Amino acid sequence: MAALLPVIIGIAVAPMISVMVAGSIAKANGCVLHEGFVNPCVVDGKDMGETLYAMGMMGWLMIATIPAGIIALIVWLIVATIMLVTGRRSAPPAAGAS
């Protein structure tokens, strides 16, 4: 159950990470990055403009992933609370328990 929390958060913020990485790469190489159109950006002798543009546009996925992540987090909290209150654990019963 606890392993699910990082997955929920990771999926919710993945587009934000993509945008931040694209912006950092563009800034480090003196490139212009925006949503209007692809700008050339030469990184180590290769034009990465289209790749950085695609990574930047992934930010639009946050419109779906952030609300979905919030809903999943609320559901996770409800289930975790119910499991805690009822005493149910994911661990197997102790040896010798009947």
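These remarks concern the structure in this document.

About the thresholds
Residues numbered from 1 in each chain as written. Predicted model: local features only at pLDDT ≥ 70, side-chain atom pairs only at ≥ 80, totals over all residues. Heavy atoms only, no water. Buried < 20%, exposed > 50% of the residue type's maximum accessible area, 1.4 Å probe, protein only. Helix = DSSP H or I, 4+ residues; strand = E, 2+ residues; numbered from the N terminus. Arc of directions from axis to C-beta. Contact = heavy atoms within 4.5 Å. Disulfide = S-S within 2.5 Å. Core = buried A, V, L, I, M, F, W, Y, C linked by side-chain atoms within 4.5 Å. Polar contact = N/O pair within 3.5 Å; in protein donor to acceptor, adjacent residues only side chain to side chain.

Of all the positions in helix α2 (residues 49-57), only Gly49, Leu52 and Gly56 are classed as buried. Each buried residue of α2 sits inside an arc of 70° when the element is viewed along its axis, so together they form one side. Summarising the contacts, the buried residues of α2 are in contact with α1 (4-28) and β2 (46-47).

This structure, assessed with the given rule, holds one disulfide. One disulfide in the model links Cys31 with Cys41; its S-S distance is 2.0 Å. The sign of the 80° torsion about the S-S bond sets the Cys31-Cys41 disulfide as right-handed. Here Cys41 lies in the loop between α1 and β1 (42-43) and Cys31 lies in the loop between α1 and β1, a separation of 10 residues in the sequence. Each member of the pair, Cys31 as well as Cys41, is classed as buried.

This brings us to the nonpolar core. Judged by nonpolar contacts, Ala22, Ala26, Cys31, Cys41, Val43 and Leu52 together constitute the single largest core of six residues. The residues contacting Ala26, other than those within four sequence positions of it, are Cys31, Leu33, Cys41 and Leu52.

Checked against the element boundaries, Thr65 lands in helix α3 (residues 62-86). One polar contact links the side chain of Thr65 to the main-chain carbonyl oxygen of Ala12, over a distance of 3.1 Å. Apart from residues no more than four positions distant in its own chain, Thr65 is found in contact with Ile11, Ala12 and Pro15.

Okay, unusual backbone geometry next. Even without being glycine, Asp44 reaches a positive phi, approximately 55°. Topologically, Asp44 is positioned in the loop between β1 and β2.

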